[in-house]
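Given next are the chains, with one letter for each unit.
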Amino acid sequence: MAALIAGRTASEMPGLDIAEQKSWQNFLDSTLRLYSTLNRRLTDEHQLSLFDVRVLEMLDSAPAGCARMGDLAEALPSLPSRLTRQIRRLESHGLVRREASRDDGRGVVAAITDDGRTAAQQAMLTYAQGVRTYFLGQLSRSQIAAMGENCRRISVALKMADRAPRTGGQVGRAAAR
């Protein structure tokens with residue numbers, strides 16, 4: 001007889017019932033496949049990764065076309081060292097430049113170049129088309145709204161967990177509401 005978790009049939013994944021495990025596995029599989037598909041299309045058509053496009057998009061929409069490196073790393077989210085390597089690569093292609101912060105001479109900002117704006121705009125067309133085809137096109141309007149709200153709640157909880165002291169506790173469901 002299968003083990004029970006609060007009256008539900010346990011799965012192979014400790015602490016999850018079968019429905020929870022299936023939901024998680026489906027989410028994880030679709031997320032990884034979607035990321036891989038979008039990344040491949042952007043790389044094939046624009047020689048830019050999905051991460052490159054996100055960086056360029058953020059800079060393109062930022063006031064004055066620039067942002068502090070730390071702010072970019074937090075917003076993406078990315079390790080500062082990974083973002084530094086990414087910015088260096090984009091800089092070597094003439095898409096961004098690094099410069100001292102005007103507000104604080106110690107800080108470094110990344111600024112998008114004119115070539116970077118052009119590349120971002122072209123890549124965003126491919127990106128948007130891929131999102132529509134592989135993500136939005138598979139869902140009804142109500143499913144899109146529910147997915148967006150569910151992902152927002154998960155994101156809020158994860159942001160709170162990143163800011164919370166590391167105590168080994170769990171982030172509660174109420175935190176994301």
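Within every chain, residues take consecutive numbers counted from 1 along the sequence as written. In view of the model being predicted, local features appear only for residues whose pLDDT reaches at least 70, and side-chain atom pairs are presented and counted only at 80 or more, with totals across whole chains, interfaces and linings using the full set of residues. Hydrogens and water are ignored here; the side-chain numbers use all heavy atoms of the structure.

Taken together, three strands build an open sheet; the order of strands is S3-S5-S4 and the sheet is antiparallel. Every other strand in the sheet has two partners, leaving strand S3 (66–68) and strand S4 (96–100) as the edge strands with one partner each. Each neighbouring strand pair of the sheet contributes to a mean axis angle of 30°, computed without reference to strand direction. DSSP-based pairing: two strands are paired if at least 2 bridges between them are found. Working definition: helices are DSSP H or I runs of at least four residues, strands are E runs of at least two. Numbering for both runs from the N terminus. Across five bridges, the pairing between S4 and strand S5 (residues 108–112) is antiparallel. Paired with Ala100 across the strands is Val108, a residue of S5. Across the sheet, helix H2 (residues 50–61) is in contact with S3, S4 and S5; its angle to S5 comes to roughly 90°. Orientation is described by axes fitted as lines to C-alpha atoms, over the contacting stretch for helices, and by angles from 0 to 180 degrees between their N-to-C directions. Contacts are residue-level and defined by heavy atoms, with any inter-residue pair within 4.5 Å sufficient.

This part takes up the nonpolar core. For our purposes a nonpolar core is just a set of buried Ala, Val, Leu, Ile, Met, Phe, Trp, Tyr and Cys residues, chained together by side-chain atoms within 4.5 Å. Here's how the labels work: a residue is buried when its accessible area is under 20% of the maximum for its type, exposed when over 50%, partly exposed in between, all with a 1.4 Å probe on protein chains only. Counting residues in hydrophobic clusters, the biggest one holds 26 residues, and the most contacted among them are Leu48, Val55, Leu56, Leu59, Leu72, Leu83 and Ile87. Counting residues per element, the ones that place at least two in this core are helix H1 (18–46), H2, helix H3 (69–75), helix H4 (80–92), S5 and helix H5 (114–134). Ranked by residues supplied to this core, first place goes to H2 with seven residues. Contacts of Leu59, omitting those with residues within four sequence positions, involve Gly65, Cys66, Ala67, Leu72, Val96, Ala110, Ala111 and Ile112.

Put simply, a salt bridge is a Lys or Arg side-chain nitrogen that is within 4 Å of an Asp or Glu carboxyl oxygen. Using the criterion set out here, one finds nine salt bridges in the structure. Arg89 is the partner of Asp52 in a salt bridge, and the nearest nitrogen-oxygen pair spans 2.1 Å. Residue Asp52 is found in helix H2, and its partner Arg89 is found in helix H4; the two are separated by 37 residues along the sequence. Residue classification places Arg89 among the partly exposed residues on the basis of a relative accessible area of 31%. Across the pair Arg152 and Glu149 runs a salt bridge, and its minimum N-O distance is 2.7 Å.

Attention now moves to the side chain of Arg41. Within the secondary structure layout, Arg41 lies in helix H1. Residue classification places Arg41 among the buried positions, given a relative accessible area of 18%. Here a polar contact means two N or O atoms within 3.5 Å. Within protein one must be a hydrogen donor candidate and the other an acceptor candidate, and residues neighboring in sequence count only if both atoms are side-chain atoms. Only 2.8 Å separates the side chain of Arg41 from the side chain of Gln129, close enough to count as a polar contact.

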